[in-house]
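Results of the structural survey
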Amino acid sequence: MLSVKKKVGRKTAWYQLDNAAKIYPPTASEKRAHVFCFSAIISEEVDPFSLREAVVKTLAHYPTFKTKLMRGHFWYYLEQNDKPVKVFKEEADYLNSIDYKENNDYLFQVLYIRNKITVKFFHALTDGTGGFNFFKSLLATYFVVIGKSVDTEGLIKPIDEPATAIEGEDSFIAYRNQSNEKKKKIFKPYHIIGKPFDYDGCGMITAKIDMKQLKLLSKSAGVTVTAYLAALYSFSVFNSFLKDRRINNKLVSVLIPCNLRKKYGGETQRNFTMFARFSYDYNNYESDMTVDKLAEICQQQMSEDLKTSNLDKMIDDNVKTEKNFLIKITPLPVKNLIMRLAYSKVGEVLQTVNLSNIGLTELPESITPYIKDVTFAIAPTFSCNHQVGVIGYNDNLYVTFTRAYVETELEKFFIRYLTSNGVHVEVSSNYWESQP
Amino acid sequence: MKKCRYCKIDVDTDKNFCPICFNRLDNVDETSASIYTLRKRNESRIKNSSFLLKLFLFITVVSMLACVIVNVIVTPQVSWAPVVIFGELYIWVLVKHTIFSHRSVFKKVFLQVLLIILVLVFAERLSISDWLIPYVYPSFALAVVAALTTVLLVSPKRSEFVFGFTIIVILMTIVSSVFLIFKFTERYKLLNFLNVAISLATVFGYVLFGFDSIKYELSKKWHL
């Protein structure tokens, strides 16, 4: 059953927020923006007028993106937004919360500077996969607008293909299965404590890693690239902040979002993600512990968390909560308070860091010559002040570290570990720690 | 492209030091097309604390306390301080919620109606006047009904407003009914009766002529 309620004609179209999106509006703030962004470095300078035209054309095929967030009496919802869409020149601290008033209420923002295009999304609108689909369509449309010949080659939604109802569905409800699986207990992990910046914004460091060399490393450990990176990330947290320190809680938990479309199918452009968690208590650390051993543990934990029965349980629990009669009839202001409280107990507080891997990007051959680099970044928050976004493109893996504090010890360990193992790494930074 | 000999990495930057270890970089190639364009942070985003808001809040709280103290010491037989406090709170809501906000018309009107009802009941209970419930409230309610109906008749956005206005009129009907049923006043009841009758007729009219809009707004705002 589709939960999307769409009415067109005299009345504007509107959509219920999907199950996962419901938590984002009440818990979002300046210091917890719930935003992520995709950027592409293209071969020529961006023309803002063409970019705007491309956004308008792309939006016509992504109706759930052409919306604004509205407050109902019991729930937030998305309503068709007829205001003109704008493109903005990228500011130095662009990975902050979206100024919705300035952005004509759209929940995504298109930015450009020189030869770089960035699209920033509020998580209530979509997840990484949905956002990246939109981003790819926007890039393809932009190249069409500036006069390039583009063939989507089945890798991107065809530019003229109309939107379908499936793309706007709440897949959590569509693919929900009842589950009696036992709930796993999650312990509160260590949280990184660093010196916060004296000003707004976050530190961003992107490591462009040779994919083949990294794959060799992960293969030698017998694990996937994601498991290997998660293990190295966890080990970097330990070595940078916990090793030889008198800290009682040395449990490091890496949250790894997983795209459920691969498991359940569906083509929704909205949120359809669940999480695997790699937790390791470094109080049990032995000196012979290696990244390879950690990666094995991580792979096991990920496989366990991503078992269909466990995913069914998590989806079922979330949908049950949403469908609970008492919750349904609770007025929105009260619900917001409850959600904020619940999020502070069972939200980001249960993770040390977050590693989100979009996977290998396949772009049509007709546009790859114009796209040099693609990156994915997640805004850090006050309760999860270090995050990593990973995306693969053109034999490179782009690992973007975002942090809300000055120190770069974690990045140093992570990158030096790779280079000491013969992996070629090229680094870019916004040098936020040395801002005047 | 530059090189950091300590981290063994290539660094794409105009700066002279490594972003990871902050050691000096070796120049290899001057050409650079970094993912991050280095600029100064945008000063305009650094927000000043809302000094004026805090100042007004301070003045409000101090004046409230002063009123209570003066009332208790000088005229303990007449409790007028609550009226001043309520008035000040009302001004805060009026300014913050109604004048300087982007809330919907429904929310602004609904809260104002609710507050004015509270003010009247509060003043009546304090025995400031005994004609607020029998005369002022129903007259106010009838005026609101007339104003809302006029807006619905002339506004091109009437389909957006009708649901919210129906709720407001229902609220005012309920309040008049409560006054009558629980005998808030033994005096002149006709205006409250009149308000109940006219408001019910108005609600019926709104529902009859705006059924589709109300149904649509209900499904949207209540997810029915």
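Up top is the structure.
For the structure given in this document, a descriptive report is provided here. The structure displayed is predicted, hence computed values, not measured ones. (Residues numbered from 1 in each chain as written. Chains lettered and ligands numbered in written order. Predicted model: local features only at pLDDT ≥ 70, side-chain atom pairs only at ≥ 80, totals over all residues. Heavy atoms only, no water.)

It is worth spelling out the packing of aromatic side chains at this point. All names here are of chain A. Using the criterion set out here, one finds 45 aromatic pairs over all chains in the structure. Ring geometry for tryptophan 14 against tyrosine 77: centres 5.8 Å apart, planes inclined by 80 degrees, an arrangement best described as edge-to-face. Taken together, the residues span a long stretch of sequence, with tryptophan 14 in strand 1 (residues 14-16) and tyrosine 77 in strand 4 (residues 76-80) at a distance of 63 residues. A ring pair is formed by phenylalanine 38 and phenylalanine 376, whose centres lie 4.8 Å apart and whose planes are at 20 degrees; its orientation type is stacked. Note that phenylalanine 38 is positioned in strand 2 (residues 35-42) and phenylalanine 376 in strand 12 (residues 371-378), a separation of 338 residues in sequence. Phenylalanine 376 matches phenylalanine 38 in its accessibility class, with the two residues each being buried. By way of ring pairs, the aromatic residues Phe36, Phe38, Tyr62, Phe65, Tyr106, Phe108, Phe121, Phe132, Phe134, Phe135 and Phe376 are connected into one cluster. (Phe/Tyr/Trp six-rings, centres within 6.5 Å; stacked < 30°, edge-to-face > 60°. Helix = DSSP H or I, 4+ residues; strand = E, 2+ residues; numbered from the N terminus. Buried < 20%, exposed > 50% of the residue type's maximum accessible area, 1.4 Å probe, protein only.)

What follows deals with the interface of chain B and chain A. Tallying the contact residues gives 45 residues for chain B and 57 residues for chain A. Contact between chain B and chain A buries roughly 4,500 Å² in total, counting both sides, with carbon and sulfur atoms accounting for 55%. Summed over the shared surface of chain B and chain A, the number is 1 salt bridge. With a closest N to O distance of 2.3 Å, Lys220(B) and Glu79(A) form a salt bridge. Here chain B and chain A share 12 residue pairs in polar contact (both at pLDDT 80 or more) between them. Broken down by element, the residue count for the side of chain B that touches chain A peaks at 7 residues, all from helix 7 (residues 211-222) of chain B. Classifying every residue of the side of chain B that touches chain A gives 23 nonpolar, 9 polar and 13 charged. (Contact = heavy atoms within 4.5 Å. Buried area = accessible area lost by both parts, 1.4 Å probe. Salt bridge = Lys/Arg side-chain N within 4 Å of Asp/Glu carboxyl O. Polar contact = N/O pair within 3.5 Å; in protein donor to acceptor, adjacent residues only side chain to side chain. Nonpolar A, V, L, I, M, F, W, Y, C, P; charged D, E, K, R; others polar.)

Residue and element names in this part refer to chain A. The terminal C-alpha atoms of helix 6 (residues 225-242) lie 25 Å apart, and with 18 residues this matches the ideal 26 Å at 1.5 Å per residue to within 8%. For helix 6, the tally of buried residues reaches 17 of 18 residues, placing the bulk of the element in the interior. Where helix 6 terminates, the next one or two residues include aspartate 244, which has phi positive at roughly 60 degrees. (Expected span 1.5 Å × (residues − 1).)

Moving on, we come to the pairing of strand 6 (residues 108-113) of chain A. Every other side chain in a regular strand lies on the same face of the sheet, so the side chains alternate between the two faces. All names here are of chain A. A large share of strand 6 lies buried, amounting to 6 of its 6 residues. Here strand 6 shows two buried faces, one formed by Phe108, Val110 and Tyr112 and the other by Gln109, Leu111 and Ile113. Two elements, strand 6 and strand 7 (residues 116-122), share 6 bridges in a ladder whose sense is antiparallel. The residue of strand 7 that forms the bridge with valine 110 is valine 119. (Pairing = 2+ DSSP bridges.)

Residues three or four positions apart in an α-helix share a direction because the helix packs 3.6 residues into each turn. With 12 residues, helix 7 of chain B should reach 16 Å at 1.5 Å per residue; the first-to-last C-alpha distance of 16 Å fits that figure. Buried-residue contacts for helix 7 of chain B involve strand 1, strand 3 (67-71) and strand 4 of chain A together with helix 5 (158-181) and helix 6 (190-209) of chain B. At the exit of helix 7 of chain B stands His223(B), carrying a positive phi of roughly 55 degrees.

Residues and elements named next belong to chain A. Within strand 4, 4 of the 5 residues are buried, leaving the element largely enclosed by the surrounding structure. Pairing of strand 1 with strand 4 involves 3 bridges; the strand directions are antiparallel. When the bridges of strand 4 are listed, glutamine 16 appears paired with tyrosine 77. Pairing of strand 3 with strand 4 involves 5 bridges; the strand directions are antiparallel. Considered in strand 4, the bridge of leucine 69 is made with leucine 78. Linking strand 3 to strand 4, which pair antiparallel, is a turn of 4 residues.

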